[in-house]
Amino acid sequence: MASEAPGTAALDTALFLDDPRALAAVSLIWREAHLLDARRYEEWDGLWAEGGEYIVPIDREATDYAAHLNLVYDDDRMRRMRIERLTSGFSISAAAAARTVRSVSRFVVSGHEEDAIEVCSAQILVGYKRDETFVLATDVTHRIVFGADGPRISRKIVRLVNSDEAVTASGFLL
């Protein structure tokens, strides 16, 4: 199951959103958005499968993330370090954390295997930080794996619409 570049995900005719696994994946993605907006980062980390990758590429068309420069390319260890910075109160991102509201929609199943499903979606994030309101638009691809402990995120790729422009410190996770 390879990640498609944004806007090129083919509709997978073998699995639609009425499939129980697709519904479970969408429910997990909505739960993730809720936890991130509530800044419940430790709970958010619990949604991840071991070895999960959290990636925010600069090049929206990139598919080989190890060979390209990324805004974020986190494995388990780096994701937990990022959470520590956001929750410790000792970093600028923690001291001036943005308040956010996410809307996630346009779910499309773009791939599936026996124990995994890939779902592409659109996310609009409205944030408020330091007396300013901002809007970010992203295309998101989640790879959700299914195991004995239920669905878990094994990969999340967040493609910012404006990823090739200057990005300021955000104080939140995408």
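Residues numbered from 1 in each chain as written. Predicted model: local features only at pLDDT ≥ 70, side-chain atom pairs only at ≥ 80, totals over all residues. Heavy atoms only, no water.

K.L.:
What's the story with the confidence of the model for the protein chain in this structure? I'm lost.
P.N.:
Low pLDDT marks stretches whose predicted atomic positions should not be read closely. When pLDDT is averaged across the protein chain, the result is 87; 84% of the residues are at 70 or more. Model confidence for the protein chain, summarised as mean pLDDT per element, is weakest for helix 4 (residues 92–95) at 54 and strongest for strand 6 (residues 150–160) at 97. (pLDDT = per-residue confidence, 0-100. Helix = DSSP H or I, 4+ residues; strand = E, 2+ residues; numbered from the N terminus.)

K.L.:
Where do I start with helix 3 (residues 76–88) in this structure?
P.N.:
Residue pairs spaced three or four apart in an α-helix point in one direction, given the helix's 3.6 residues per turn. Across its 13 residues, helix 3 extends 18 Å between first and last C-alpha, which sits within 8% of the 18 Å expected from 1.5 Å per residue. Of the residues making up helix 3, those classed as buried are D76, R79, R82, I83 and L86. All buried residues of helix 3 lie within an arc of 130 degrees about the axis, which places them on one face of the element. Facing away from the buried side of helix 3 by more than 90 degrees, the exposed set consists of R77 and E84. Where helix 3 begins, the side chain of D75 points an oxygen toward the backbone nitrogen of R77, at a separation of 3.3 Å. (Expected span 1.5 Å × (residues − 1). Buried < 20%, exposed > 50% of the residue type's maximum accessible area, 1.4 Å probe, protein only. Arc of directions from axis to C-beta. Polar contact = N/O pair within 3.5 Å; in protein donor to acceptor, adjacent residues only side chain to side chain.)

K.L.:
Is there a simple way to think about the side chain of R159 in this case?
P.N.:
Structurally, the position occupied by R159 is in strand 6. E61 provides the closest opposite charge to the buried, unpaired R159, separated from it by 6.9 Å. A polar contact of 3.1 Å, which involves the side chain of R159, links it to the backbone oxygen of R60. A polar contact of 2.7 Å, which involves the side chain of R159, links it to the side chain of Y65. (Lys, Arg positive; Asp, Glu negative; His and termini not counted. Salt bridge = Lys/Arg side-chain N within 4 Å of Asp/Glu carboxyl O.)

K.L.:
What is the right way to look at the pairing of strand 5 (residues 132–147) in this model?
P.N.:
Regular strands show a simple pattern: their side chains alternate between the two faces of the sheet. Across 14 bridges, strand 4 (residues 116–129) lies against strand 5 in antiparallel orientation. Residue pairing in the sheet places S121 in a bridge with V140 of strand 5. Between strand 4 and strand 5, which pair antiparallel in sequence order, lie 2 residues; one of them, R130, sits at a positive phi of approximately 50 degrees. Inspection of the sheet shows strand 5 paired to strand 6 by 10 bridges, in the antiparallel sense. Directly across from T141, in strand 6, lies its bridge partner I157. The hairpin formed by strand 5 and strand 6 contains 2 residues between the paired strands. (Pairing = 2+ DSSP bridges.)

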